[in-house]
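# Examination of the molecular architecture
The residues making up each chain are set out below.
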Amino acid sequence: MAAARTKRSEMTDISAALRTFASKGRPTKEEQAQRRQLFQKVIQYLTIGIDMSPIFSDVIMNAHTTDVATKKMLYHYITHYAQANADLALLTVNTLQKDCREEDPVIRGLALRSMASMRVPDLVEYLIDAIRLGLKDADPYPRKTAALGVLKVHDLAPEALAETEILEEVRRMLISDRDASVVANCLIVLREIDGERALATKQNVYGLINRIKDFTQWSQVTILETVALYKPADKSETFDVMNALEDRLQSSNSAVVLGTVKVFLHATLDLPDVHQQVFERLKAPLFTLANAGAAETAYAVWAHLHLLTMRAPPLFAMDYKSFFCRGSDAPAVKKLKIEMLTAVADDVNTYDIVSELCEYVTDVDAVIAREGVRAVGRIALDGDQNVAGIVDRLLQFIEYNQEHITAETLVQVKDLVRKHPRWIDQCVVAVSGIELETIVEPEAKAALVYLYGEFGQAMPEAPYMLEPLLDEFDEEESEEVRLELLASAMKLFFKRAPEMRDMLGKALAAGTNDANQDVHDRALMYARLLHKDPEAASRVIAGYKESVANFSDGAGFADKFGEQIFDEFNSLSVLYRKPAFLFTDDKPVEVPRTPDVIEAAGGGGGGSAMMGDSLIDFGDEPVGASSSRSAIDDLLGMP
């Protein structure tokens, strides 16, 4: 209560002081200093969230001050509260219009900026007149302020702006104004109003390129974005554009270099031979920039190098040593480098790259160690007949007795034998000594279970390795592991039936009672197959399988939207590895709807499926969990 009374009293004192200063026509230097301190106090209160709008009229009464510092604070206050006090804001029009004609260009620019920032619709008419005056000002500061004011008017009242000649004046200034900062602001405004591609004309592009050195680095980036949209008429013009921007590749600013790279790449898309030469030309400045900047800058550059490397791996094959990780590299950069090393591996450099990758497997960072194992596995997976040494290196990782290394190795071995059956014997011997209980990670455990089921005939201990997990089927948390246990138990049953009879019966019984619908349906499907025709079940589950030609599990946004990401070069799309519409509001994301399981089974209108019922029917009559268990008992001779 006392605090509120004190606040009201202080507000009254400030209001009275402002009125006192407003009544003085020619204040002394001491009085100007006192008023300046008073305005500082008002702005401080405003900044910390105290509502200072009750003194709006008192502040406006001081608008005639000639002190620049006080006027700046006054403008700041007015623009902050103008929308909430639109009627009172109209009282400032005369003062602002007068300030737009002051001798001091700073005052003219500040007045124009404040009028444009007030966002009061009733002021648009006055604002348009002030912008007309500002665009023709002799000083560049009011001109560039007026240019940005055009954009604010367009946002506030586009119809009123369209009825004037102001936009044509801004388009003229883009080419003819002698000040670079004014031209930069005109470019920003026209990109928003006319669109980026509308500005990519020969006249605009050549005019901006010829004086690009006069602009700030930030403005150069905007210019380069516009130039990248321009399509040269022929090969000669393409070389003219690249020659004019050649020195921008030596800039210390990463955004300028990457913007220039984007111009070069887009300008030569229709010239394959030149496009390849451009890749060669761009490597040196990009490598220099990536290794010389701060950690954040380095990651941005390496992300763009990653995109270029994945787009044309052979062109970077000779530079593979540039992708070797350094101790000072951030983990995110190391991950990019490892992926690039994997991509550029060929017949000449493969063994050097694999030797380097093996060093990363012992990294103290488990994430990098996993990436090293994964990279070696990918190279072995994509290699030809001459990868025996690489497979040996991969299998040696099991001997490291590190949980995360062994887990990742098992995942890679599973994929390797699926694609290259010639390595089955060697891989089976290597994993035979691994005890399933020591594997904790679900993906690795599922991989080892798969190997036991797929190649159990060559692994004498396979049924007994699976037995503890099958006995504790209900306690396994991972759905992936439970599904793989069911599949492996079925495969081993057809290969080693006497040892697997009891275990398979327990697994199918537990699976049909599983709370997870996928596990429940998988167990029920296996039970019905066995009940219907054991020989057909053997052909379906344990039959001959063709080797896998390509794995699609790893295909992501970078593969699906590769061209779109390349088109958005020098933007966050490259860092996120997804096009802009997926992480901005520019365009809604349209994801194809996957039909519900119920709808896919034809039950969309009949209510939801209850636990214990199967959505899969292999016979003429549905068989429930109890009848399937009876079928298992009959088949396996269990009591």
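Within each chain, residues carry numbers counting from 1 in the order of the written sequence. Selection of residues for local features in this predicted model requires a pLDDT of at least 70, selection of side-chain atom pairs for listing and counting requires 80 or more, and totals for whole chains, interfaces and linings are taken over all residues. The side-chain figures draw on all heavy atoms in the structure; neither hydrogens nor water molecules are used.

The next thing to look at is the overall build of the protein. The way it works is that DSSP assigns letters per residue, a run of H or I at least four long becomes a helix, a run of E at least two long becomes a strand, and they are numbered from the N terminus. Tallying secondary structure elements over the protein gives 35 helices and zero strands in all. Taking all 639 residues of the protein together, 48% fall into the buried category. Any two residues whose heavy atoms approach within 4.5 Å at even a single point are treated as in contact. Expressed as a percentage of contacts within the protein between residues at least 6 apart in sequence, the contacts between residues at least 24 apart total 66%. Only the protein chains shown count as cover for residues, and all accessible areas are computed by the Shrake-Rupley method using a 1.4 Å probe. Here the protein has roughly 31700 Å² of accessible surface; of this, 51% comes from carbon and sulfur atoms. To sort residues, take the accessible area from a 1.4 Å probe on protein chains only and compare it with the maximum for the residue type: under 20% means buried, over 50% means exposed, and anything in between is partly exposed.

Here we take up the environment of Asp99. Structurally, the position occupied by Asp99 is in helix α6 (residues 93–99). Using a relative accessible area of 4% as the deciding quantity, one classes Asp99 as buried. In sequence terms Asp99 and His64 are 35 residues apart; their C-alpha atoms lie 9.1 Å from each other.

Along the chain, His306 turns up in helix α18 (residues 295–311). The exposure class assigned to His306 is buried, which follows from its relative accessible area of 8%. If we skip the residues at most four places from it in the chain, His306 touches Leu336, Glu339, Met340 and Arg577.

A separate point is the pattern of salt bridges. Once their charged atoms are close, side chains differing in charge can pair, the charge on each being opposite to the other. Any carboxyl oxygen of Asp or Glu within 4 Å of a side-chain nitrogen of Lys or Arg constitutes a salt bridge here. Taken as a whole and assessed by the stated rule, the structure comprises 39 salt bridges. For Lys41, the salt bridge identified is with Glu10, shortest N-O distance 3.2 Å. One end of the pair, Lys41, is in helix α2 (residues 29–47); the other, Glu10, is in helix α1 (residues 2–22), with 31 residues separating them in the sequence. Taking the relative accessible area as the measure of exposure, Lys41 reaches 32% and is therefore partly exposed.

A contiguous patch of negative charge, built from Glu435, Glu437, Glu472, Asp474 and Glu475, is present on the exposed surface. As for its placement among the helices and strands, Glu437 is situated in the loop between α24 (424–431) and α25 (442–454). Nonpolar side chains (Val, Leu, Ile, Met, Phe, Trp, Tyr) within 5 Å and like charges within 9 Å form the patches, drawn only from residues with over 30% relative accessible area and no salt bridge. Note that His is not counted, nor are the chain ends; the positive residues are Lys and Arg, and the negative ones are Asp and Glu. Note on charges: their place is set at NZ of Lys, CZ of Arg, CG of Asp or CD of Glu.

When pLDDT is low, close inspection of the predicted coordinates is not appropriate. Per-residue confidence for the protein gives a mean pLDDT of 85; residues scoring 70 or more make up 89%. As a per-residue measure, pLDDT tells how confident the predictor is, with possible values from 0 to 100. Taken as a whole, residues 634–639 scores under 50 in pLDDT and shows 10 contacts with residues more than four places along the chain or in a different chain.

Turning our attention to unusual backbone geometry. Of note in the backbone geometry, Asn401 takes a positive phi value of approximately 55° without being a glycine. Within the element layout of this structure, Asn401 appears in the loop between α22 (388–396) and α23 (403–419). Among the residues examined, Asn401 registers a relative accessible area of 68% and is labelled exposed. The phi dihedral of Arg577 is positive, around 60°, even though this residue is not glycine. Locating Arg577 in the fold gives a position in the loop between α33 (572–576) and α34 (597–600).

Each Phe, Tyr or Trp ring (for Trp, its six-membered ring) is paired with any other whose centre lies within 6.5 Å, and the angle between the two planes then decides the class: stacked below 30 degrees, edge-to-face above 60, tilted in between. What the rule picks out here adds up to 13 aromatic pairs. Where Phe493 meets Phe494, the ring centres are 5.5 Å apart and the plane angle is 70°; that geometry is what we call edge-to-face. Three or more aromatic residues link up through ring pairs in this structure, and these residues are Phe279, Phe287, Trp302, Phe316 and Phe323. Throughout this description, the term charge over a ring refers to an Arg CZ or Lys NZ atom that lies within 6 Å of the ring centre and within 35 degrees of the ring normal. Above the ring of Tyr206, the side-chain terminus of Lys202 is found at 5.6 Å from the ring centroid. Lying over the aromatic face of Phe566, Arg311 brings its terminal NZ or CZ to 3.7 Å of the ring centre.

A word on the side chain of Ser251. Position of Ser251 relative to the elements: it lies in the loop between α15 (235–245) and α16 (254–267). The class for Ser251 is buried, based on a relative accessible area of 14%. Contacts described as polar in this section are N or O atom pairs within 3.5 Å, which, within protein, must combine one atom able to donate a hydrogen with one able to accept it, while residues neighboring in sequence count only if both atoms come from side chains. In terms of polar contacts, Ser251 uses its side chain to reach the backbone amide nitrogen of Asn253, at 3.1 Å. Setting aside residues up to four positions removed in sequence, Ser251 forms contacts with Gln217, Val256 and Val257.

Only buried Ala, Val, Leu, Ile, Met, Phe, Trp, Tyr and Cys residues count toward a nonpolar core, and they belong to the same one when joined by side-chain atoms within 4.5 Å. With 192 residues, the main nonpolar core has Met52, Tyr77, Val150 and Trp302 as its most contacted residues. Every residue in contact with Met52, bar those within four places of it in the chain, is listed here: Met11, Ile14, Val42, Tyr45, Leu46, Tyr77 and Tyr81.

Looking now at the environment of Gln426. Structurally, the position occupied by Gln426 is in helix α24. According to the relative accessible area criterion, Gln426 is partly exposed, its value standing at 29%. C-alpha separation for the pair Gln426 and Asp392, spaced 34 residues apart in sequence, amounts to 8.7 Å. If we skip the residues at most four places from it in the chain, Gln426 touches Val391, Asp392 and Leu395.

Let us look at the packing of α22 against α23. The interhelical angle for the contact between α22 and α23, taken along N-to-C directions, is 145°, at an axis separation of 9 Å. Within the contact between the two elements, α22 uses Val391, Leu394 and Leu395 and α23 uses Thr409, Gln412, Val413 and Leu416. All residues other than Ala, Val, Leu, Ile, Met, Phe, Trp, Tyr, Cys, Pro, Asp, Glu, Lys and Arg, Gly among them, are scored as polar; the first ten of these are nonpolar and the last four charged. Classifying every residue of the contact of α22 with α23 gives five nonpolar, two polar and no charged. Between N-to-C directions, angles cover 0 to 180 degrees, with each direction set by a line fitted to C-alpha atoms, over the stretch in contact for helices.

Before going further, it helps to examine the packing of helix α8 (residues 124–135) against helix α11 (residues 166–176). Two elements in contact, α8 and α11, have axes whose closest approach is 11 Å; the angle formed by their N-to-C orientations is 25°. As judged from the angle between their axes, α8 and α11 are roughly parallel. Crossing hand, α8 versus α11: left-handed. The residues of α11 that touch α8, namely those facing Ile128, Ile131, Arg132 and Leu135, are Ile166, Glu169, Val170 and Met173. Here is the rule for angles: anything less than 35 degrees is roughly parallel, anything more than 145 is roughly antiparallel, 65 through 115 is roughly perpendicular, and the remaining ranges are oblique. In a left-handed crossing the near helix is turned counterclockwise from the far helix by less than a right angle, and in a right-handed crossing that turn is clockwise.

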